[in-house]
Amino acid sequence: MKFKMFSVIVGTEACIASCPFCVSGVTPNCENMKEPKINWRNLDIACNLANRSGIDTVMLTSRGEPTLFPDQISEYLKHLAPYKFPFVELQSNCIPLALNHKKYDKYLKEWYTLGMTTITISVVSEKKEINQKVYTPNGEYINLAELIEYLHGFGFSLRLTCVMCNGFTDTPEKVQDFINFAKQNKVEQVTLRPVNDEYRRQSAHDWVAKNKLTEEQKDVIRKHLADNGTKLLDLERIGSIYDVNGQNVCLSLPLNKYTRDTNPDNLRNLIFFQDGHLRYEWEMEGGILL
Ligand code: SF4
């Protein structure tokens with residue numbers, strides 16, 4: 001079997017944000033703030049399989065917000081180190097990192113030393129008031145430019161991942177503003193990801209049905225990138241990478257039945273869950289190896 005990506009699940013469904021399109025994030029409580037135990041034996045099996053697949057990127061990700069479990073991130077990095085994956089990434093809304101430097105300074109230093117290469121910052125726009133509506137409707141959203149400077153200060157490469165929804169980042173002009181913001185702040189990579197319209201809990205499903213981009217909107221954005229940039233790579237079932245005025249931009253494809261390939265040598269994701277389960281599908285429970 002061969003996979004394109006290796007996802008490793010951190011923490012629980014707990015998240016301090018409350019995005020209407022979220023698969024699962026729930027308010028932190030006594031139960032979901034307990035760190036799940038990790039089946040290290042099966043993580044070794046997963047790492048061996050990932051290495052045999054020639055996977056170059058491990059993504060530390062979560063059903064909630066992974067940075068609420070910083071010790072677990074450190075533990076994972078220690079265990080992943082011997083396998084020498086070239087790129088080790090963390091996918092996060094980064095709000096905890098921005099709000100509490102005192103707590104996270106030491107973790108960020110440690111994570112960099114332990115081989116983390118990239119932090120992916122999830123947003124819906126570069127504009128504070130728009131991110132605030134989605135991530136922190138009851139409080140103030142962080143200063144994104146300051147967060148970028150802070151994380152660059154530790155040496156991380158950064159990717160701004162914009163979940164594109166109607167009314168937020170949904171036109172070529174707004175996409176270009178987002179790209180310009182990334183360029184001004186020296187963000188290494190940008191991913192534009194139309195909000196996924198499948199496999200959602202009911203409340204998210206209803207919100208997404210109203211707020212997802214139409215195929216026409218996606219086509220106009222794709223055309224904007226093609227007209228104003230140079231296509232560099234087509235990553236099968238993942239997306240296309242462009243250079244737009246020197247800014248790396250990936251227009252990503254959603255993870256759904258249309259990007260599934262039943263050829264076992266062309267699977268998209270190897271996913272490790274803390275209890276030791278190893279899957280190649282996020283939502284289809286039958287897609288399991290261990
Ligand atoms: S930041 Fe991520 S995990 Fe948290 S609520 Fe939003 S989509 Fe869900």
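Residues numbered from 1 in each chain as written. Predicted model: local features only at pLDDT ≥ 70, side-chain atom pairs only at ≥ 80, totals over all residues. Heavy atoms only, no water.

Right, let's get into the pairing of strand β3 (residues 87–92). Here strand β2 (residues 57–61) runs beside β3; their pairing, made up of 4 bridges, is parallel. Residue pairing across strands places Met-59 opposite Glu-89, the latter belonging to β3. Looking at chain direction, β3 and strand β4 (residues 118–123) are connected through 4 bridges and run parallel. Looking at β4, one finds that Glu-89 is bridged to Thr-118. (Pairing = 2+ DSSP bridges. Helix = DSSP H or I, 4+ residues; strand = E, 2+ residues; numbered from the N terminus.)

Moving on, we come to helix α1 (residues 40–52). In this model, α1 (13 residues) spans 18 Å end to end at C-alpha, consistent with the 18 Å of a helix rising 1.5 Å per residue. Among the residues of α1, those classed as buried are Asn-42, Leu-43, Ala-46, Cys-47 and Ala-50. Projection of α1 onto a plane perpendicular to its axis shows the buried side chains occupying an angular sector of 145°, all on one side. For α1, exposure combined with an orientation more than 90 degrees from the buried face picks out Arg-41 and Arg-52. Elements in contact with the buried residues of α1: β1 (3–9), α2 (70–80), β10 (267–272) and β11 (278–279). Sitting at the amino-terminal end of α1 is Asn-39, which places a side-chain oxygen 3.3 Å from the backbone nitrogen of Arg-41. Of the residues flanking the end of α1, it is Gly-54, one or two places downstream, whose phi is positive at about 75°. (Expected span 1.5 Å × (residues − 1). Buried < 20%, exposed > 50% of the residue type's maximum accessible area, 1.4 Å probe, protein only. Arc of directions from axis to C-beta. Contact = heavy atoms within 4.5 Å. Polar contact = N/O pair within 3.5 Å; in protein donor to acceptor, adjacent residues only side chain to side chain.)

All right, on to the domain arrangement of the protein then. For the protein, the assigned domains read domain 1 (1–88 + 265–290) and domain 2 (117–259). Centre-to-centre, using C-alpha coordinates, domain 1 lies 22 Å away from domain 2. On the domain 2 side, the residues contacting the 20 residues of domain 1 number 25 residues. For the pair domain 1 and domain 2, the two sides together bury roughly 1,800 Å², of which 56% comes from carbon and sulfur. It is Pro-20, Phe-21 and Arg-268 in domain 1 that bury the most area against domain 2; as a group they hold 40% of the surface buried on that side. The interface formed by domain 1 and domain 2 contains 0 salt bridges. At the surface where domain 1 touches domain 2, the tally comes to 3 residue pairs in polar contact (both at pLDDT 80 or more). For the side of domain 1 that touches domain 2, the secondary-structure elements that each account for two or more residues are β1, β3 and β10. In the side of domain 1 that touches domain 2, the residues fall into 14 nonpolar, 3 polar and 3 charged. (Domains from an automatic or database assignment. Buried area = accessible area lost by both parts, 1.4 Å probe. Salt bridge = Lys/Arg side-chain N within 4 Å of Asp/Glu carboxyl O. Nonpolar A, V, L, I, M, F, W, Y, C, P; charged D, E, K, R; others polar.)

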